[in-house]
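Take a look at the letters that make up each chain.
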Amino acid sequence: MKDNFSIVYETLHVDGSRGELENALKISPEHFAKRQVVIIDIANDPLDSPKDSPPEEDPAKFKSERTGRGPLNTKDWIKTCDPVMTCYKLVYIEFKWFGLQNKVESFIAKTIRNVFQKFHRQLFSLTDRWYGMTMQDIRDLEDKTKEELDVARANQDKVVGGY
């Protein structure tokens, strides 16, 4: 589709923010007027499917042994938990195909929202796995993950090409 399809993400993490910044990513007045704000409550928003998040990844039940954070088990945890950080995300979706544009863009937006919700639920509930990692620990994990993905891709190519 060349220039007729694009998805662009911008992200800003703001320590101490509770989602109150109107234009955290400082977008133009033109884009600001068109934007749609979607607040994702990782603890209380329903998931598309319960299988999308096993019980051990439920922020309303998880309590970090390493940090003492959690569980996020009240309706107003966003207003009361401490420390807090807001992850502001801006997603530009463009699908230029007459007759399908609105439907496809809406589907993509919903899918991205679900991915963000699931990812941030996991990020919170897996805190004890990553909290305290050094930059070298992170680089080592990235290298290990890349190797595992390379092996998985190679095996997938064998399966797809060999049927």
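All of these numbers come straight from a predicted model, not from anything done at the bench.

Quick notes on the overall build of the chain
Counting secondary structure elements, the chain contains five helices and two strands. When the helices and strands of the chain are placed in sequence order, the string is β-α-α-β-α-α-α. Computed over C-alpha atoms, the radius of gyration of the chain comes to 19 Å, more than 25% over the 15 Å expected from 2.2 N^0.38 for 163 residues, which places it beyond the range of a compact globule. Counting only C-alpha atoms and orienting by the principal axes, one finds that the chain spans roughly 50 × 50 × 35 Å. Here the chain holds 163 residues, and the buried ones make up 20% of them. Counting contacts in the chain only where the partners sit at least 6 residues apart, residues at least 24 apart contribute 76% of the total. Summing over all exposed atoms, the chain offers an accessible surface of approximately 12,400 Å²; the carbon and sulfur share of this is 56%.

Notes on the environment of aspartate 76
Relative to the elements of secondary structure, aspartate 76 occurs in the loop between α1 (29-34) and α2 (77-80). For aspartate 76 and aspartate 41, which are 35 residues apart along the polypeptide, the C-alpha to C-alpha distance reads 9.9 Å. Side chain to side chain, aspartate 76 and threonine 74 meet in a polar contact 3.1 Å long.

Focus: helix α3 (residues 101-125)
For α3, spanning 25 residues, the distance from its first C-alpha to its last is 36 Å, which sits close to the expected 36 Å at 1.5 Å a residue. Along α3, the residues that are buried comprise Glu105, Ile108, Ile112, Phe116, Gln117, His120, Arg121, Phe124 and Ser125. Lining the buried residues of α3 we find β1 (5-15), β2 (85-95) and α4 (127-130).

Describing the UniProt feature "domain: Phosphatidylinositol transfer protein N-terminal" (unreviewed entry) in the chain
Per the UniProt entry, the sites bearing "domain: Phosphatidylinositol transfer protein N-terminal" (unreviewed entry) are residues 1-147 in this numbering. End C-alpha atoms of residues 1-147 are separated by 31 Å, and the span's content is 35% helix alongside 15% strand.

What to know about the packing of aromatic side chains
By the definition in use, this model includes five aromatic pairs. Between phenylalanine 5 and phenylalanine 95 the ring centres are 5.9 Å apart and the planes differ by 80°, which places this aromatic pair in the edge-to-face class. Of this pair, phenylalanine 5 sits in strand β1 while phenylalanine 95 sits in strand β2; the two residues are 90 residues apart in sequence, bridging distant segments of the chain. Taken together, Phe5, Phe95 and Trp97 form an aromatic cluster joined through their ring pairs. The ring of phenylalanine 116 is capped by lysine 89, whose NZ or CZ atom sits 4.7 Å from the centre of that ring.

Side note on unusual backbone geometry
Residues glycine 70 and proline 71 are joined by a peptide bond in cis, for which omega reads -10°. Take proline 71: it is sitting in the loop between α1 and α2. Residues aspartate 82 and proline 83 are joined by a peptide bond in cis, for which omega reads 0°. Following the sequence through the fold, proline 83 ends up in the loop between α2 and β2. Positive phi values are uncommon outside glycine, yet lysine 26 reaches one of about 50°. Note on placement: lysine 26 falls in the loop between β1 and α1.

Here's the deal with the pattern of salt bridges
If you walk through the whole model with that rule in mind, you get nine salt bridges. In this structure, lysine 34 engages glutamate 30 in a salt bridge whose closest nitrogen and oxygen atoms are separated by 3.7 Å. In this pair, lysine 34 and glutamate 30 are both assigned in helix α1, four residues apart and thus about one turn of the helix distant. Note that lysine 61 is salt-bridged to aspartate 58, the shortest N-O span being 3.7 Å.

Thresholds applied
Residues numbered from 1 in each chain as written. Predicted model: local features only at pLDDT ≥ 70, side-chain atom pairs only at ≥ 80, totals over all residues. Heavy atoms only, no water. Helix = DSSP H or I, 4+ residues; strand = E, 2+ residues; numbered from the N terminus. Rg over C-alpha atoms; globule rule 2.2 N^0.38 Å. Buried < 20%, exposed > 50% of the residue type's maximum accessible area, 1.4 Å probe, protein only. Contact = heavy atoms within 4.5 Å. Areas by Shrake-Rupley, 256 points an atom, 1.4 Å probe, with all protein chains shown as cover. Polar contact = N/O pair within 3.5 Å; in protein donor to acceptor, adjacent residues only side chain to side chain. Expected span 1.5 Å × (residues − 1). UniProt positions renumbered as here; feature names shortened; annotations may be inferred. Phe/Tyr/Trp six-rings, centres within 6.5 Å; stacked < 30°, edge-to-face > 60°. Lys NZ or Arg CZ within 6 Å of the ring centre and 35° of its normal. Salt bridge = Lys/Arg side-chain N within 4 Å of Asp/Glu carboxyl O.

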